Amino acid sequence: MSPASTGASTAMDAAAPVPASDTPDSRMAPGGPGYRRMSFALFLSGVATFALLYSTQALLPLISDGFGVSASDASWTVAAATGGLALFVIPMSALSERFGRRTVMTASLAVAVTVGLLVPFAPSLGVLVVLRAVQGAALAGLPASAQAYLAEEVRPKALVTAIGLFVAGNSVGGMSGRVITGWVAQEWGWRVAVGVIGLVAVGCAVAFRLLLPAPRHFKAGSLHPRRLLGTVRDHLANPLLRRLYAIGALFMTVFGGVYTVIGYRLTEEPFSLPQGIVGSIFLVYLVGTVSASTAGRLVGRLGRRGALYLGGGTTAAGLLLSLADSLPLVLLGLVLITAGFFAGHAVASSAVSKTAAHGRAQASALYQSAYYIGSSAGSTVGALAFHANGWAGTVGVGLLAILGVVTLTVLGTVAARRQILAHAR
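Attention here is on the structure that accompanies the text. (Residues numbered from 1 in each chain as written. Predicted model: local features only at pLDDT ≥ 70, side-chain atom pairs only at ≥ 80, totals over all residues. Heavy atoms only, no water.)

With respect to the nonpolar core
Threshold: Nonpolar cores are built from buried Ala, Val, Leu, Ile, Met, Phe, Trp, Tyr and Cys residues. Side-chain atoms within 4.5 Å join them into one set. Relative accessibility decides the category of a residue: with a 1.4 Å probe and only protein chains considered, values under 20% of the type maximum give buried, values over 50% give exposed, and everything between is partly exposed. Numbered from the N terminus, helices here are DSSP runs of H or I no shorter than four residues, and strands are runs of E no shorter than two. A contact between two residues is defined here by any heavy atoms of the two lying within 4.5 Å.
One finds M38, L42, L150 and Y259 to be the most contacted residues of the largest nonpolar core, which totals 122 residues. For this core, the element with the highest residue contribution is helix 13 (residues 239-267), accounting for 16 residues. When residues no more than four places from it in sequence are discounted, the contact partners of Y259 are Q57, F282, V284, Y285, L334 and T338.

So, the side chain of S72
To be explicit about the condition: Any pair of N or O atoms that falls within 3.5 Å is considered a polar contact. Within protein, one atom must be able to donate a hydrogen and the other to accept it, and sequence-neighbouring residues count only if both atoms are side-chain atoms.
For S72, the position within the fold is in helix 5 (residues 71-74). We classify S72 as buried; its relative accessible area is 18%. In terms of polar contacts, S72 uses its side chain to reach the side chain of S70, at 3.1 Å. The residues touching S72, leaving out its near neighbours within four places in the chain, are A383 and L384.

A look at the packing of aromatic side chains
Note the threshold: Pairing of aromatic side chains requires ring centres within 6.5 Å, counting the rings of Phe and Tyr and the six-membered ring of Trp. Pairs whose planes differ by under 30 degrees are stacked, by over 60 edge-to-face, and all others tilted.
Scanning the entire structure with this criterion turns up 11 aromatic pairs. A ring pair is formed by F341 and F342, whose centres lie 4.8 Å apart and whose planes are at 70°; its orientation type is edge-to-face. Considered together, F341 and F342 belong to a single accessibility category, that of buried residues. These aromatic residues form a ring-pair network of at least three members: F255, Y259, F341, F342, Y367, Y371 and Y372.

Quick notes on the packing of helix 13 against helix 17 (residues 327-355)
Put simply, the test is: For every element, the axis is a line fit to its C-alpha atoms; helices are fit only across the contacting stretch, and the angle between N-to-C directions ranges from 0 to 180 degrees. Our angle categories are set so that under 35 degrees counts as roughly parallel, over 145 as roughly antiparallel, 65 to 115 as roughly perpendicular, and the remainder as oblique. Note: crossing handedness is left-handed where the near helix turns anticlockwise from the far helix by less than a right angle, and right-handed where it turns clockwise. Residues are grouped as follows: Ala, Val, Leu, Ile, Met, Phe, Trp, Tyr, Cys and Pro are nonpolar; Asp, Glu, Lys and Arg are charged; every other residue, Gly included, is polar.
Taken N-terminus to C-terminus, the directions of helix 13 and helix 17 make an angle of 155°; their axes are 9 Å apart at the nearest point. Between helix 13 and helix 17, the angle falls in the class roughly antiparallel. The element helix 13 and its partner helix 17 pack so that their crossing is left-handed. In terms of residue class, the contact of helix 13 with helix 17 is made up of 21 nonpolar, 4 polar and 1 charged.

A closer look at the environment of R132
Topologically, R132 is positioned in helix 8 (residues 125-139). Take R132: its relative accessible area is 0%, and that puts it in the buried class. Along the primary structure R132 and T82 are separated by 50 residues, whereas in three dimensions their C-alpha atoms are 8.7 Å apart. Contacts of R132, omitting those with residues within four sequence positions, involve L52, L53, Y54, S55, T56, T77, V78, A80 and A81.

Remarks on empty space enclosed by the protein
Selection criterion: Think of a 1 Å grid over just the protein atoms. A cavity is a set of points where a 1.4 Å probe fits yet cannot get out, a pocket is an open set with protein on both sides within 12 Å along at least five of seven lines, and lining residues have an atom within 4 Å of a point. Grid points are joined across faces, edges and corners, and a volume is the space filled by probe spheres set on the points.
Applying the stated criterion across every chain yields a total of 4 cavities of 30 Å³ or more. Its boundaries defined by the atoms lining it, the second largest cavity holds a volume of some 50 Å³. The wall of the second largest cavity is formed by T49, P143, Q147, F166, V167, N170, H345, Q368, Y371 and Y372. Within the residue set of the lining of the second largest cavity, elements represented by two or more residues are helix 9 (143-153), helix 10 (159-188) and helix 18 (360-389). Classifying every residue of the lining of the second largest cavity by side-chain character gives 5 nonpolar, 5 polar and no charged.

Overview of the environment of F251
Following the sequence through the fold, F251 ends up in helix 13. F251 sits 15 residues away from L236 along the chain, and the two C-alpha atoms are 19 Å apart. Residues contacting F251, with those up to four places away along its chain left out, are L308, G311, G312, T315, G340, F341, G344, I402 and V405.

Topic: the environment of A356
Relative to the helices and strands, A356 is located in the loop between helix 17 and helix 18. Residue A356 is classed as buried on the basis of its relative accessible area, which comes to 3%. Counting along the chain gives 56 residues from A356 to G300, while the straight-line C-alpha distance between them is 20 Å.

Some remarks on the pattern of salt bridges
Here is the rule: Every case where a carboxyl oxygen of Asp or Glu lies within 4 Å of a side-chain nitrogen of Lys or Arg is listed as a salt bridge.
In total, this model carries 2 salt bridges according to the counting rule given. Residue R265 is joined to D325 by a salt bridge in which the shortest nitrogen-to-oxygen separation is 3.3 Å. Of this pair, R265 sits in helix 13 while D325 is found in the loop between helix 16 (295-321) and helix 17, placing the two residues 60 residues apart along the sequence. For R265, a relative accessible area of 7% translates into the label buried. By relative accessible area, D325 is classed as exposed at 60%.

Points about the packing of helix 16 against helix 19 (residues 391-424)
The N-to-C vectors of helix 16 and helix 19 enclose an angle of 165°; their axes lie 10 Å apart at closest approach. The orientation of helix 16 with respect to helix 19, classified from their angle, is roughly antiparallel. Here helix 16 and helix 19 pass one another in a crossing that is left-handed. Contact residues: R305, L308, Y309, G312, T315, A316, L319 and L320 in helix 16; V395, G398, L399, I402, V406, T409, V410, G412, T413 and A416 in helix 19. Residues of the contact of helix 16 with helix 19, tallied by class, amount to 11 nonpolar, 6 polar and 1 charged.

Below you can see the structure in the form of structure tokens.
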């Protein structure tokens, strides 16, 4: 199928690594040796990452009450973690280029789970925010290194599916963390709840290290700052990568804002739900697990840009539905928001991995940095908008972000058509 029909650019296809026709491809593929172990290991790393990263999000009303602070103040426990990840993801990706993807991912998880066991004992909001920032910085070694590992160890045709499974692990971690913390906190408080998540993450980290196959195609790079800056500059000079980075950030602005504020909305009138029920609302993350893991088939049918249009439109429809004062409609809105977000994220992140011809860890790191900057911005701005104008304010922020996604995708479509015409001439 041609780039015109799929929506994929010729530059992206050219950048995808293709082995020589007379050389067997030793990289992993579905059904091949090691693929299931690798998929499950990275799935567990995704579970641990999102469970730890957003462990306080469903507990924000309780944290507000416990420390006597506002929603916007409590939201910093989420923004600090995602901001720490955004700031450190590029340096951590450089370490993975030098010391290996598996080594950096293992060390990152070890530090993050250790900090996670200290979080329940934070004596003040300030200390809690600092610990969360350190935890986010430690987790920065996971996302970019995982995508680089997949790009090197998995065959190109299976890459979207493999990354979709990793993203599905993120959704399961986000869901289980919020559901568990909701019910535990209802009985024993938010401190015990985040402690339980820390123990769950310890189990995931140990299983990850035991299951993940040793890399076979990794080639150590240099830690020279000039080379690193040159690689980053090359990626930022690529218009397609810049659009993908912005799309990831905008999608996550919506998601971060919605799920940071939704707990406050559901515990207030007209819903007045108890904390355990509010935590169970995050079971809608299962929809994200499905939409992320099927992103490869979605791209095969609609093309990458078609899949992004669908993800953006689905998210926007969910935002509008969530404005209703009817709990079933709010839940349906959350389902659509979650499905659209995870599909769009899986499509954009896999496109980054395929587009980068070199320095894949840095390319993925830039995407992750933009993505988590969007999360920090969404959680902070979404909370401020909720404080000023209620849920309608948070929805307004989300709709503006989706408008940005659609605009950038249209620009990409126009650029691809111009490129095709230029080749035709």
